[in-house]
Structure formats: structure tokens, C-alpha cells
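# Report on the structure
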Amino acid sequence: TMKDPRKDALAIFQEGLKAADPFAAVERTLQVKEDRITVAERSYDAGRYRRILVIGGGKAASPMARALEHRFGSRIAKGLVVTKYGHDMPLETVQLREAAHPVPDEAGEKGARDILSLLEDVTEEDLVFCLLSGGGSALLPLPAPGITLPEKQATTRELLASGATIHEINAIRKHLSAIKGGGLAKAVWPGTLVSLILSDVIGDDLDTIASGPTVPDRSTFRECLEILDKYNLKERVPESVLARFRRGTRGDEAETPKAGDPVFEKTQAVIVGSAGMSLTAAREEARRRGYNTLVLSSMIEGETRDVARVHAAIGKEILKTGQPVSRPGCVISGGETTVTLRGKGLGGRNTEFVLAAAMEISGLPQIVVFSAGTDGTDGPTDAAGAVADGKTLARAEEQGLSAARYLADNDSYHFFEALGDLVKTGPTMTNVMDLRIVIVP
């Protein structure tokens, strides 16, 4: 331990991943004993239900569905879940579809329509399990009447490039959708609906995860217009989107269902895994390896470069004064930052975080900075993230690489690819946002 802090950082990250295992998370939450089904603190009499159905979507949909099959076996009458391309695994009863993320495609739209078709004959004698995880918003795209999929795709691209937070992006997604923002709960009524949710959003807000298809929605059409104003997007989104939001603000379009709506009377929503659980596991692994460890927060958000400077400053403070933890020190944080696109390069918020931090710690070889997405993908790349230390910029300069130019072009992926410092895990089948680690041995 502590002989190679780069390897320590990767090992600490991997322990965080284990704690977010979706199969184990579902099995921890749901118990079946004869005719009693227990979900968290609530119990259901299986004997009163005619059928058990399974629906859902997200990057962790496959292992979550497999866990339900393991618990219920042949009791599952039918099911359908949608996951990201490359995140599939064999299932016995539940159908599995693959679709695009983060920009939705036709396969996702068809999957969402087929889920609604599966629910058409639901009665009060049916028990429906909905499995939701990160990516569910893009993977279950069913545009509201008057909105086409290409128009929703264009809106999503503008939002992703604007620096908007996931809460803001999903507020707009909900008001352009026929199933998000409580829409699936309406489709399941009068059946009983149990949602098992792997959280990938700040604060574990139920109405933001996968855009909250099974819970009351707090956002409004008026808020959507304010978000477009905030990021100067009114002239960039399709006119049909703007027109729908204006009609909704006037009351000419039905709002998403809110708290108190009867469709939520027979629903339960349970967080089965979250960033907080992963950070706890990562902290324990860091301590086991001999580091004085501090979990900074599970709710870090904001512009990636700004967050990187703060983390680098904490590393330098540990080095100089032994605060907020003494050496050997390890500071861990979770959450989801945003990148405002300025260039045309390739990268994601994790590799951009590490590049921006590397520029701040240059010449301080004792400091190591690591950041990776728990889903195994960082933006539109095949990397989860990257790792750097105080020697990274010197190594780059030897190869003729300018960190400043790569950062200006949002090209962090190619910068770290040239140095061999990308972190590649492949699809992890989970998603509880990002995990960042600063080590000062």
C-alpha cells in the first residue's frame, strides 16, 4: 500500500464500483418468502396478485432484471427493459432491448412504446416492478404529442452542450415526454407499482433519476422556459418545443402529475444504490490502504474545470499544511459536473476534470488526481476517466503536447490517450455518477 498511489486510486475506485453492483443492490432490497414479498420496509401479499410484470430502463437494467428473475423465477408473467448498447446480458423471461445514450434513438422510442403496450391490460390484480437507473431518460424516449424524436434529439444535444445540470436537462425531458415525469405511473394505474431505483443524480432526487417516470414531478412548464432563457437556448431549440412550453405555461397543455394525484396511491419507490454507498466503500478501502481519508461530498456539481481547481487546491493544502487531512491523505468526492463545450475535441467531464487539475498541480509530483464515471463511460468515449500527477504536464511537453491547447479544445481524451493515462473499465452495468480521488502520499 502507498507504494504506487496511482494504483491505489484505481483500487479505491473499484471498491466504490462493487458497492454499486445493481444485482446485489436489488437482492438486498427485495426478499421473497412464500407468499410474502418484502421491499425495504413494505410487505406485499403475493397471493392477491394475478401477475408480476417487469418494466424499466437504464444502464443497469440488465443486472437489475436478472436479480428479479432470480428472486421470482417463473412467477414473472412478462417484462421488458431497455438498456444502453453494449450493456446487455442474458435474461430468461424479461425481454431486453438496447438503445442509444445520451442522445435517444428510434430503438429507444420503440422500446418505450412497447412498454406502454405491455401495460395496456394492467388491472388492480397486477404487481408491476419498474427498474430505473442512470441513462433511463435517454433510453426511454417517447415524445409527447406534437413533438418528433428528431426534435427531442436536437433539444437534448443543445442541453448537453450548454452546461445545464442534470436536474435542468431532465425537467425539460419530462415536459417533452409521454411517459416521464410520472407518466409511467399513470400507465400502470390501477395496478400496484414498485420502483427499484439506482440513483445517478445529486441528492438522489426521485423525480430526476431517469426523469422520474413513476413519481410525482415538481418541475413545471414555466421552469422549462426559464432554463432555456438561462442558457440562451430559445433560438436554438426547435420551434415545436418552445411552442409546447408556452402552451403549457398558459395552461393549454396538461402538466405532469404532481404529488397528491391518485395515480400515486398504490406506488412505492426505493433507492437501492447511490453515490453515498459507493463513497463509503471507497473511503473504507482508502483507510485499509493506510490513508487518512476524508469524503468531501457526494453532491459535487458545477463547471468541471472549476471543480477541478478546487480539488487541486485541496491537494496542495494537504501537501503544505496537512489540512484538511494529514499525509498520507486521500480526499474522495462524488457527484456530476458539467462541461460547457467550447472546442471540437473528444472527451468527457472526468477526463476534462483530470486535465484541468493536472495543470494546477504541475511540478508537485506527490499529488495524484483520479476521476472516473461509475458507468465506465465518460461522455462519448470508451474511457471511464483518467489519472494524473504533478509530473503529467512535463511528460506531455516531452511529447510536444500542450495541456492548455487540449483543454481549450475540450480534447482531454486524446491528451491522456497519448500519455497512456486513460482509465478504461468497459461497461460496468451500473451508474452512481462520478468518483474523484485526490491522493497525497
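Everything discussed here concerns the structure shown above.
What comes next is a walk through the structure. Because the structure is a prediction, the values reported are computed rather than measured.

### Some details on the overall build of the protein
Helix and strand counts for the protein come out as 16 helices and 15 strands. With the C-alpha coordinates of the protein rotated into their principal frame, the extents come out at 65 × 55 × 35 Å. In the protein, buried positions account for 58% of the 441 residues. Looking at the protein alone, contacts between residues at least 24 apart form 79% of all its contacts between residues at least 6 apart. Accessible area for the protein stands at about 17000 Å²; split by element, carbon and sulfur atoms hold 48% of it. Positive and negative side-chain charges in the protein, numbering 54 and 60 respectively, have mean positions lying 2 Å apart.

### Structural notes on the side chain of Asn 170
Assignment of secondary structure puts Asn 170 in helix 7 (residues 166–174). Apart from the residues within four sequence positions on either side, Asn 170 is in contact with Ser 137, Thr 208, Ala 210 and Ser 211.

### Digging into the sheet that holds strand 6 (residues 95–99)
Spatially, six strands are ordered 6-5-4-7-8-9 in an open sheet, and the strand pairing comes out parallel. Each end of this open sheet is capped by a strand with a single partner; those strands are strand 6 and strand 9 (267–273). Here the strands of the sheet are splayed against their neighbours by 15 degrees on average, with no regard to which way each runs. Taken together, the six bridges between strand 4 (residues 51–57) and strand 5 (residues 76–84) define a ladder with parallel strand orientation. Within the sheet, the bridge partner assigned to Ile 52 lies in strand 5 and is Ile 76. Contacts from helix 3 (residues 61–72) reach strand 4, strand 5, strand 6, strand 7 (126–132), strand 8 (192–198) and strand 9 within the one sheet, and its direction differs from that of strand 5 by about 160 degrees. Packing against the sheet, helix 4 (residues 106–118) makes contact with strand 4, strand 5 and strand 6, and its axis sits at approximately 160 degrees to strand 5.

### Focus on the pattern of salt bridges
Summed over all chains, the structure comprises 37 salt bridges. Between Arg 71 and Glu 27 there is a salt bridge; the shortest N-O distance is 3.5 Å. Note that Arg 71 is positioned in helix 3 and Glu 27 in helix 2 (residues 22–29), a separation of 44 residues in sequence. The class of Glu 27 is buried, set by a relative accessible area of 16%. In this structure, the salt-bridge partner of Glu 125 is Arg 50, at a minimum N-O distance of 3.8 Å. A residue pair is termed long-range when its members are at least 10 positions apart, and Glu 125 in the loop between helix 4 and strand 7 and Arg 50 in the loop between strand 3 (42–45) and strand 4 qualify at 75 residues. Residue classification places Arg 50 among the partly exposed residues on the basis of a relative accessible area of 45%.

### Looking at helix 2
Buried within helix 2 are the following residues: Pro 22, Ala 25, Val 26, Glu 27 and Thr 29. Summarising the contacts, the buried residues of helix 2 are in contact with strand 1 (30–33), strand 2 (36–39), helix 3, strand 8 and strand 9. Between the side-chain oxygen at the start of helix 2 and the backbone nitrogen of Phe 23 there is a gap of 3.4 Å, and the oxygen is on Asp 21.

### Here's the deal with the nonpolar core
Membership of the largest hydrophobic core comes to 33 residues, with the highest contact counts inside it found for Ile 367, Phe 415 and Phe 416. Secondary-structure elements contributing two or more residues to this core are helix 12 (304–321), helix 13 (349–360), strand 13 (385–389), helix 14 (392–398), helix 15 (403–408), helix 16 (412–419) and strand 15 (434–440). Setting aside residues up to four positions removed in sequence, Phe 415 forms contacts with Leu 355, Thr 392, Ala 396, Leu 401, Ala 403 and Tyr 406. Membership of the second largest hydrophobic core comes to 31 residues, among which are Val 26, Ala 46, Ile 52 and Val 432.

### A short note on the pairing of strand 2
Of the two faces of strand 2, only one is covered, namely that formed by Ile 37 and Val 39; the face formed by Arg 36 and Thr 38 stays uncovered. One ladder, built from four bridges, connects strand 1 with strand 2; its direction is antiparallel. For Leu 30, the partnering residue across the bridge sits in strand 2 and is Val 39. Between strand 1 and strand 2, which pair antiparallel and follow one another directly, the connecting turn spans two residues, one of which, Glu 34, has a positive phi of 55 degrees. The pairing of strand 2 with strand 3 spans four bridges and is classified as antiparallel. If you follow Val 39 over to strand 3, its bridge partner there is Arg 42. Taking the residues between adjacent antiparallel strands as the criterion, strand 2 and strand 3 are bridged by two residues, where Ala 40 takes a positive phi near 55 degrees.

### Let's talk about the sheet that holds strand 3
Across the sheet, which stays open at both edges, the three strands sit in the order 1-2-3 with antiparallel pairing between neighbours. Two strands lie at the open edges of the sheet, namely strand 1 and strand 3, each paired on one side alone. With direction set aside, neighbouring strand axes in the sheet form an average angle of 20 degrees. Each of strand 1 and strand 2 is contacted by helix 2, which is oriented at about 55 degrees to strand 1, the strand it contacts most. On the sheet, helix 3 packs against strand 1 and strand 2 and is oriented at approximately 20 degrees with respect to strand 1.

### Side note on the environment of Glu 284
Mapped onto the secondary structure, Glu 284 falls in helix 11 (residues 275–288). Remark: the alpha-carbon pair of Glu 284 and Glu 15, spanning 269 residues in sequence, is separated by 8.8 Å.

Calculation criteria
- Residues numbered from 1 in each chain as written.
- Predicted model: local features only at pLDDT ≥ 70, side-chain atom pairs only at ≥ 80, totals over all residues.
- Heavy atoms only, no water.
- Helix = DSSP H or I, 4+ residues; strand = E, 2+ residues; numbered from the N terminus.
- Buried < 20%, exposed > 50% of the residue type's maximum accessible area, 1.4 Å probe, protein only.
- Contact = heavy atoms within 4.5 Å.
- Areas by Shrake-Rupley, 256 points an atom, 1.4 Å probe, with all protein chains shown as cover.
- Lys, Arg positive; Asp, Glu negative; His and termini not counted.
- Charge placed at Lys NZ, Arg CZ, Asp CG, Glu CD.
- Pairing = 2+ DSSP bridges.
- Axes fitted to C-alpha atoms, helices over the stretch in contact; angles between N-to-C directions.
- Salt bridge = Lys/Arg side-chain N within 4 Å of Asp/Glu carboxyl O.
- Polar contact = N/O pair within 3.5 Å; in protein donor to acceptor, adjacent residues only side chain to side chain.
- Core = buried A, V, L, I, M, F, W, Y, C linked by side-chain atoms within 4.5 Å.

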